[in-house]
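Summary of structural features
The chain contents come next:
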Amino acid sequence: STEAHIAAAYQHERAAKSHRTAAAQSDAGAREACEQSAVSACEHSTKADEASIFALGESVRSAKPEVVGAKYGF
């Protein structure tokens with residue numbers, strides 16, 4: 001469960017970094033570079049969402065299913 005949360009955090013950090021890079025490139029007028037960084041940010045965001053859902057599932061499975069799992073459908 002800990003590893004799953006760390007993996008999700010890593011992907012969120014990568015998405016944030018790509019968004020910051022895209023913002024800086026936008027400010028500099030570098031449209032193509034900005035677009036590439038924005039696409040990368042979206043890809044990392046998708047991976048981060050998937051990793052977050054997986055981490056949640058891992059946490060729920062390690063808890064009491066009747067208390068926590070029913071709420072999320074796990």
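To start, this report covers the structure provided alongside it. Source: prediction; values computed, not measured.

Regarding its fold elements, the chain presents three helices and zero strands. Taken from N to C terminus, the helices and strands of the chain fall in the order α-α-α. Sequence-distant contacts in the chain: of pairs separated by 6 or more residues, those separated by 24 or more amount to 53%. A total accessible area of about 5300 Å² is found for the chain, and carbon and sulfur atoms account for 55% of it.

Here Thr21 shows up in helix H1 (residues 2-27). By relative accessible area, which is 31% here, Thr21 ends up partly exposed.

With that out of the way, let us pick up the environment of Ser40. With respect to the element layout, Ser40 can be found in helix H2 (residues 31-62). Accessibility expressed as a relative area gives 22% for Ser40, which makes it partly exposed. Counting along the chain gives 21 residues from Ser40 to His19, while the straight-line C-alpha distance between them is 8.4 Å.

Our next topic: the pattern of salt bridges. If you walk through the whole model with that rule in mind, you get one salt bridge. The residue Glu58 makes a salt bridge to Arg61 at a minimum N-O spacing of 3.3 Å. Residue Glu58 and its partner Arg61 are both found in helix H2; the two are separated by three residues, about one turn of the helix. Overall, Glu58 belongs to the partly exposed group, its relative accessible area being 26%.

Take H2 next. Between its first and last C-alpha atoms H2 spans 46 Å; for 32 residues at 1.5 Å apiece the expected length is 46 Å, and the two agree. Listing the buried residues of H2 in full gives Cys34, Ser37, Ala41, His44, Ala48, Ala51, Ala55, Gly57 and Val60.

Let's shift gears to a positive patch on the surface. On the surface, Arg14, Lys17, Arg20 and Lys47 cluster together to form a positively charged patch. Looking at which element gives the most residues to the positive patch, the answer is H1, with three residues. The topology assignment puts Lys47 in helix H2. Since its relative accessible area comes to 44%, Lys47 is described here as partly exposed.

Note on placement: Ala23 falls in helix H1. Judged by relative accessible area, which is 41%, Ala23 ranks as partly exposed. Expressed as a C-alpha distance, the spacing of Ala23 and Glu35, which sit twelve residues apart in the sequence, is 9.9 Å.

Calculation rules
- Residues numbered from 1 in each chain as written.
- Predicted model: local features only at pLDDT ≥ 70, side-chain atom pairs only at ≥ 80, totals over all residues.
- Heavy atoms only, no water.
- Helix = DSSP H or I, 4+ residues; strand = E, 2+ residues; numbered from the N terminus.
- Contact = heavy atoms within 4.5 Å.
- Areas by Shrake-Rupley, 256 points an atom, 1.4 Å probe, with all protein chains shown as cover.
- Buried < 20%, exposed > 50% of the residue type's maximum accessible area, 1.4 Å probe, protein only.
- Salt bridge = Lys/Arg side-chain N within 4 Å of Asp/Glu carboxyl O.
- Expected span 1.5 Å × (residues − 1).
- Patch = residues over 30% accessible without salt bridge, like charges linked within 9 Å, V, L, I, M, F, W, Y side chains within 5 Å.
- Lys, Arg positive; Asp, Glu negative; His and termini not counted.
- Charge placed at Lys NZ, Arg CZ, Asp CG, Glu CD.

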